[in-house]
Amino acid sequence: MSVRGVSDHFCQKGILVRDQVWNNKPRHNELQGERSALMCPRERAMSVALWRAGLLLCLWCVRSCLGEKCVLGIVGRPVSLPCFYPQMLPFVNFSIEWRHDDEVVLRSSWKEDGKVEIWSLNYATISTDAALTGNFSLELPAIHPKEDRMHYSLFIISQENQSTPACTACLRTAASFSAPLLQREDAAEGDEATFLCHSSGGYPQPAVYWLINNTDDPPEGSVTTQAASLPNSSLYNITSHLTVNVSKEASVSCVIKNLSMNETLTSTSYGVNGATVVVSRASEAMWIFSTVLCVVVGLMVVAGVVYQIHLDRINKRRKREYKQPERGYKRRYRYKGEAEDMKPEPKETDA
């Protein structure tokens, strides 16, 4: 029986071929060349399958870690989709097209005489000196929520009407939600209370969760959240209800988190006698800036008052110094006049 036949025979019986086979020195050289043949066909297929699965898993992990990089555009504001293609610098008499799927958003042509012709949809623009700088970035004047996750591509069209894709950009849209309004309604009897949290004008749908006493999660099934899309703007209004048994002194917080904007809005109710406090992490920097600005302005006002007082004192001192010599001069003049009056007048005679 051949070596391969022995291997297949042992594989069918589930017996692994040990390294003792290789200890047969007279046939060592012969078996060395057929060593790879001793692996069972089932084991070879299994190893190949595992290798392929591992490769696919690695590729999936790499893609998940890297993710799809998109340009973030705020709803209602302009955004720029970057595209730098310096390879077009030495060329003349060519055209470019920015496309969304099969729809042409912008078309621009550069002629040999230096003229530039631009046609666009919805006032999209690019730089007029793009052929000189290689910056073919697309400027969109205003973003709509429906443009979320849209892909734009730049195509270069040569004289032979051959189009070549040069750039591809992904657009992601987002909008900030308003500060949440939190209301509390207590039952007539018992400790059951109902909380209503409402926020509007944001995109996309946020994550809404509640906190009791800043640490505890509400019981399962006590929260009901609804998201309504506005028909004209496609923005969302969020309304969340919480019904739970809590003491009247307990604090309840409604948290709205917009992952796309990296924004967290919190509204807290501190019991029946307490007030509702709204905290926005996005506005904390504005509060700090306002406080610092007020302090700086106050210091400048104090410094101005002190300096003005100092100037007034200097002016008063100078006036006093000016008046003292003048009084001495008047006094000397008065004494001189009195002395002249005291001199006897000469008497007139006939001679």
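Provided above is the structure to which this section pertains.
Residues numbered from 1 in each chain as written. Predicted model: local features only at pLDDT ≥ 70, side-chain atom pairs only at ≥ 80, totals over all residues. Heavy atoms only, no water.

### Some words on the state of the cysteines
The full count for this structure, using the stated rule, is three disulfides. A sulfur-sulfur distance of 2.1 Å marks the disulfide that ties C70 to C170. Looking along the S-S bond of the C70-C170 disulfide, the torsion reads about 75°, which is the right-handed sense. A residue pair is termed long-range when its members are at least 10 positions apart, and C70 in the loop between α3 (41-66) and β1 (71-74) and C170 in strand β8 (residues 163-174) qualify at 100 residues. With its sulfur 2.1 Å from that of its partner, C197 forms a disulfide with C254. Taking the sign of the S-S torsion, about -80° here, the bridge from C197 to C254 comes out left-handed. Pair noted here: C197 is in strand β10 (residues 192-202) and C254 is in strand β14 (residues 251-258), with a separation of 57 residues, a long-range link. With respect to class, C197 is no different from C254; both count as buried. (Disulfide = S-S within 2.5 Å. Helix = DSSP H or I, 4+ residues; strand = E, 2+ residues; numbered from the N terminus. Buried < 20%, exposed > 50% of the residue type's maximum accessible area, 1.4 Å probe, protein only.)

### Considerations on the nonpolar core
With 23 residues, the main nonpolar core has I96, W98, W110, F136, L138, L140 and Y152 as its most contacted residues. Listed by contribution, the elements that provide at least two residues to this core are β2 (79-81), β3 (94-100), β4 (103-110), α4 (130-133), β6 (138-140), β7 (150-157) and β8. Setting aside its immediate chain neighbours within four residues, L140 contacts P78, V79, L81, A124, E147, Y152 and L171. If you look at the next biggest cluster of nonpolar residues, it comprises 13 residues, including A193, V246, C254 and I256. (Core = buried A, V, L, I, M, F, W, Y, C linked by side-chain atoms within 4.5 Å. Contact = heavy atoms within 4.5 Å.)

### Quick look at the packing of aromatic side chains
Note on aromatic pairs: each is described by the distance of the centres and the angle between the planes. Inspection of the entire model under this criterion finds four aromatic pairs. Ring geometry for F94 versus W110: centroids 5.2 Å apart, planes at 15°, classification stacked. Here F94 is found in strand β3, whereas its partner W110 is found in strand β4, with 16 residues between them in sequence. With relative accessibility at 5%, the residue F94 sits in the buried group. Classification of W110 by relative accessible area gives buried; the value is 7%. When the centroid spacing of 5.8 Å and the interplanar angle of 20° are considered together, the rings of Y203 and Y236 count as stacked. Taken as a pair, Y203 in the loop between β10 and β11 (207-212) and Y236 in strand β13 (residues 236-245) lie far apart in primary sequence, 33 residues in all. (Phe/Tyr/Trp six-rings, centres within 6.5 Å; stacked < 30°, edge-to-face > 60°.)

### With respect to the pattern of salt bridges
Applying the stated criterion across every chain yields a total of three salt bridges. Residues R107 and E97 are paired through a salt bridge, measuring 2.9 Å at the closest nitrogen-oxygen approach. Of this pair, R107 sits in strand β4 while E97 sits in strand β3, and the two are ten residues apart along the sequence. The buried category is assigned to E97, whose relative accessible area is 7%. Linked through salt bridges whose partners overlap, the residues forming this network are E97, R99 and R107. (Salt bridge = Lys/Arg side-chain N within 4 Å of Asp/Glu carboxyl O.)

### Looking at the pairing of strand β15 (residues 263-270)
Residues in a regular strand project their side chains so that they alternate between the two faces of the sheet. For β15, a buried count of seven out of eight residues is recorded, marking the element as mostly surrounded by other parts of the structure. Linking β14 back to β15 in an antiparallel pair, the connection comprises four residues, with N262 at a positive phi of about 55°. (Pairing = 2+ DSSP bridges.)

### A few points about the sheet that holds strand β12 (residues 223-229)
Ordered by their spatial adjacency, four strands build an open sheet running β9-β10-β13-β12, and the pairing between neighbours is antiparallel. At either end of the open sheet lies a strand with only one pairing partner, and these are β9 (181-186) and β12. With direction set aside, neighbouring strand axes in the sheet form an average angle of 15°. Note that β12 and β13 share seven bridges and pair antiparallel. Residue pairing across strands places V223 opposite L242, the latter belonging to β13. (Axes fitted to C-alpha atoms, helices over the stretch in contact; angles between N-to-C directions.)

### Observations regarding the sheet that holds β1
Taken in spatial order, the six strands line up as β1-β8-β7-β3-β4-β5 in an open sheet, and their pairing is mixed. In this open sheet, the two strands that pair with only one neighbour each are β1 and β5 (116-120). In this sheet, neighbouring strand axes are inclined to one another by 20° on average, regardless of whether the strands run parallel or antiparallel.

### Here we look at the side chain of N258
Looking at where N258 falls in the secondary structure, it is placed in strand β14. Separated by 3.0 Å, the side chain of N258 and the backbone oxygen of A175 make a polar contact. Apart from residues lying up to four places away in sequence, N258 is in contact with A175, F177, Y203, P204, P206 and E263. (Polar contact = N/O pair within 3.5 Å; in protein donor to acceptor, adjacent residues only side chain to side chain.)

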